[in-house]
Amino acid sequence: MKDARAVRTGVTLALAGLALANATCGDSSVPVERLVDARLPTGVAGGALADTAPPGNALTEARAQLGKRLFFDGRLSRTGLVSCSTCHAQANAFSDPAPVSTGVDGRVGTRNAPALVNLAWGTSFFWDGRAASLEEQAGRPIENPLEMDAPLADVVTRVGADASYARAFAGDYDDGLTTETLRFALASFVRTLVSGGSPYDRHLARDDTTFDAAAARGETLFLSERAACFHCHSPGSLTNGGYFNNGSFVAGGDTGRQALTGRAGDLGKFKVPGLRNVAASAPYMHDGSLATLADVIDQYDAGGRGDPATDPQVRPLGLTADQRADLLAFLTSLTDDAFLKDPRFRP
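In this text, all values refer to a predicted model and were calculated from it rather than measured experimentally. (Residues numbered from 1 in each chain as written. Predicted model: local features only at pLDDT ≥ 70, side-chain atom pairs only at ≥ 80, totals over all residues. Heavy atoms only, no water.)

### Things to note about the side chain of K271
Worth spelling out the cut-off: The numbering of helices and of strands both runs from the N terminus, where a helix is a DSSP run of H or I of at least 4 residues and a strand a run of E of at least 2. Categorising residues by exposure relies on relative accessible area from a 1.4 Å probe, with only protein chains included: less than 20% of the type maximum marks a residue as buried, more than 50% marks it as exposed, and the intermediate range marks it as partly exposed. Positive charges come from Lys and Arg, negative ones from Asp and Glu, while His and the chain ends are left out of the count. Note on definitions: salt bridges are taken to be side-chain nitrogens of Lys or Arg within 4 Å of carboxyl oxygens of Asp or Glu. Polar contact is defined as a pair of N or O atoms within 3.5 Å, subject to the rule that within protein one atom must be able to donate a hydrogen and the other to accept it, and that residues adjacent in sequence are counted only when both atoms are side-chain atoms. Residues are treated as being in contact if the distance between any of their heavy atoms lies within 4.5 Å.
By the element assignment, K271 lies in strand 4 (residues 270-271). Buried within the structure, K271 lacks any salt-bridge partner; its nearest side chain of opposite charge belongs to D128, at an N-O separation of 9.7 Å. Within polar-contact distance, the side chain of K271 engages the backbone oxygen of G241 at 3.5 Å. Sequence-distant contacts of K271, defined by excluding residues within four places in its chain, comprise S124, F126, W127, G241, G242 and Y243.

### As for the packing of helix 4 (residues 134-143) against helix 7 (residues 179-191)
Using the following cut-off: Helix axes are fitted to C-alpha atoms over the stretch in contact, other axes to C-alpha atoms as well, and angles between N-to-C directions run from 0 to 180 degrees. In this scheme, roughly parallel covers angles under 35 degrees and roughly antiparallel covers those over 145, while 65 to 115 is roughly perpendicular and the rest are oblique. Any residue outside Ala, Val, Leu, Ile, Met, Phe, Trp, Tyr, Cys, Pro, Asp, Glu, Lys and Arg is labelled polar, Gly included; the first ten of those are nonpolar and the last four are charged.
Running from amino to carboxyl end, helix 4 crosses helix 7 at an angle of 110°, the nearest separation of the two axes being 8 Å. On the basis of their axis angle, the class for helix 4 and helix 7 is roughly perpendicular. The segment helix 4 lies against helix 7, with L134, E135, E136, A138, G139 and I142 engaging L182, R183, F184, L186, A187, V190 and R191. Residues of the contact of helix 4 with helix 7, tallied by class, amount to eight nonpolar, one polar and four charged.

### Some details on the nonpolar core
Counted only if it meets this: Remark: nonpolar core denotes a set of buried residues (Ala, Val, Leu, Ile, Met, Phe, Trp, Tyr, Cys) joined through side-chain atoms within 4.5 Å.
Within the largest apolar cluster, 51 residues are counted, with the highest numbers of intra-cluster contacts made by L70, F71, L76, I142, F169, L182 and L186. When contributions to this core are tallied by element, the ones reaching two or more residues are helix 2 (61-71), helix 4, helix 5 (152-160), helix 6 (163-172), helix 7 and helix 13 (337-341). If you tally residues by element for this core, the top one is helix 7, at seven residues. Among residues more than four places away in sequence, those in contact with L186 are G67, L70, F71, L76, C84, A138 and I142. Counting residues in hydrophobic clusters, the runner-up holds 22 residues, among them L238, L290, L293 and I297.

### Describing the environment of Q137
By the element assignment, Q137 lies in helix 4. What makes Q137 buried here is its relative accessible area of 17%. On a C-alpha basis, the gap between Q137 and L317 in space is 36 Å, while along the polypeptide they are 180 residues apart. When residues no more than four places from it in sequence are discounted, the contact partners of Q137 are F125, F126 and A131.

### Section: helix 6
Note the threshold: It is the directions from the helix axis to the C-beta atoms whose arc is reported.
Those residues of helix 6 not exposed but buried are S164, Y165, A168, F169 and D172. Summarising the axial view, the buried residues of helix 6 lie within an arc of 130°, below the 170-degree limit, and thus occupy one face. Exposed residues lying more than 90 degrees from the buried face of helix 6 are R167, A170 and G171. On its buried face, helix 6 is in contact with helix 2, helix 5 and helix 7.

### Some points on the pattern of salt bridges
As enumerated under the stated definition, the model contains 21 salt bridges in all. For D128, the salt bridge goes to R130, with nearest N and O atoms at 3.1 Å. Accessibility expressed as a relative area gives 7% for D128, which makes it buried. Here D301 makes a salt bridge to R324, at a shortest N to O gap of 3.5 Å. You can see D301 sitting in helix 11 (residues 293-302) and its partner R324 sitting in helix 12 (residues 321-332), a full 23 residues away along the chain. With a relative accessible area of 26%, R324 lands in the partly exposed category. By sharing partners, the salt bridges in this structure join R69, D73, R75 and D162 into a single network.

### Structural notes on the side chain of D336
Topologically, D336 is positioned in the loop between helix 12 and helix 13. Summary of buried charges: D336 has no salt-bridge partner, and the nearest side chain of opposite charge, R202, is 6.0 Å away. A distance of 3.2 Å separates the side chain of D336 from the backbone nitrogen of G196, its partner in a polar contact. Within polar-contact distance, the side chain of D336 engages the backbone nitrogen of G197 at 3.0 Å. Once residues lying within four places of it in the same chain are set aside, the contact partners of D336 are S195, G196, G197, S198 and N277.

### Here's the deal with the environment of Y200
Mapped onto the elements of the fold, Y200 is located in helix 8 (residues 199-204). Taking C-alpha positions, Y200 is 31 Å from E136, a pair spaced 64 residues apart along the chain. For Y200, the contacting residues outside a window of four places in its chain are F211, E219, P235, G236, L238, R276, F330, S333 and L334. A polar contact of 2.9 Å, which involves the side chain of Y200, links it to the backbone nitrogen of G236.

### Considerations on unusual backbone geometry
Leave glycine aside and you will find that most residues have negative phi; peptide bonds, for their part, are mostly trans. A cis geometry characterises the amide bond from A282 onward to P283, with omega recorded as 0°. Position of P283 among the secondary structure elements: in the loop between strand 4 and helix 11. With a phi angle near 55°, F94 is a residue other than glycine that sits in the positive phi range. Following the sequence through the fold, F94 ends up in the loop between helix 3 (84-87) and helix 4. Positive phi, close to 80°, is recorded for F126, a residue that is not glycine. Relative to the helices and strands, F126 resides in the loop between helix 3 and helix 4.

Here it is, written out as structure tokens:
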């Protein structure tokens, strides 16, 4: 079984490296590398990349390339100065290196911009899970007054004034450019941000060439009841997709999912993030309050920040310095350098 999985992974990586196409949303004579291919990170369930798209927004190369162009376009904001990429930088696993992001007119947000990695297989989005699909998620930052502060209808008018955009949407969607297809194109690009080439991914495929002894010890601890990290960060996918009060909440702070559901038991719960490329996506937690992975490990080792709403699974661990170092080595092994530098994801 494992040998077959290793073969599939090798084929997947080969396809990703060889796939090329002549598709852009502007000049079709310019060759670009394909965004849509057969990539499937090892251990991630949910079908191939193309299978993750909803029926109304089938994933095509043209739509992904169109969404990529929009992702880097400041015209999606009221001022014309803030794009999606302003708060989601590739070198930072498409997250923001600031604790919270700065939007139009210098307005400061309230939560850390999460990494955009392997979201094609996600089932809910934002820290509180208020969006059920990437298509729904894509419009929220545009209209948020602290982020891009632009009604989608205004953005459609502005973008539609560009003839090349108008042609591209007319060719890619039956309805042309609308508020819906604008969101759909953005979602198509985000769906292609697939990472599966880290030392950890190769380790899952039984190649431990770059997975050292410290990372192996860290993985063992990560998967043990001693640290119990795996309860929320499942092997392979590295997230269970749920919501958890992990000890970061303090009285008077952001109530998290409770603000959405109104349920007392959701106080301080936030979405469990995936951990691929986590070493590149500092700072951490919903509020960006922890500057380094070492800080994250220390907080879990301490059993959180002491608020009684903290989940009982978060308890003091009493890890040794060597164990903390091994956990850090494992988390660092989740870094996919090729993804962070992939030219396909540049403007």
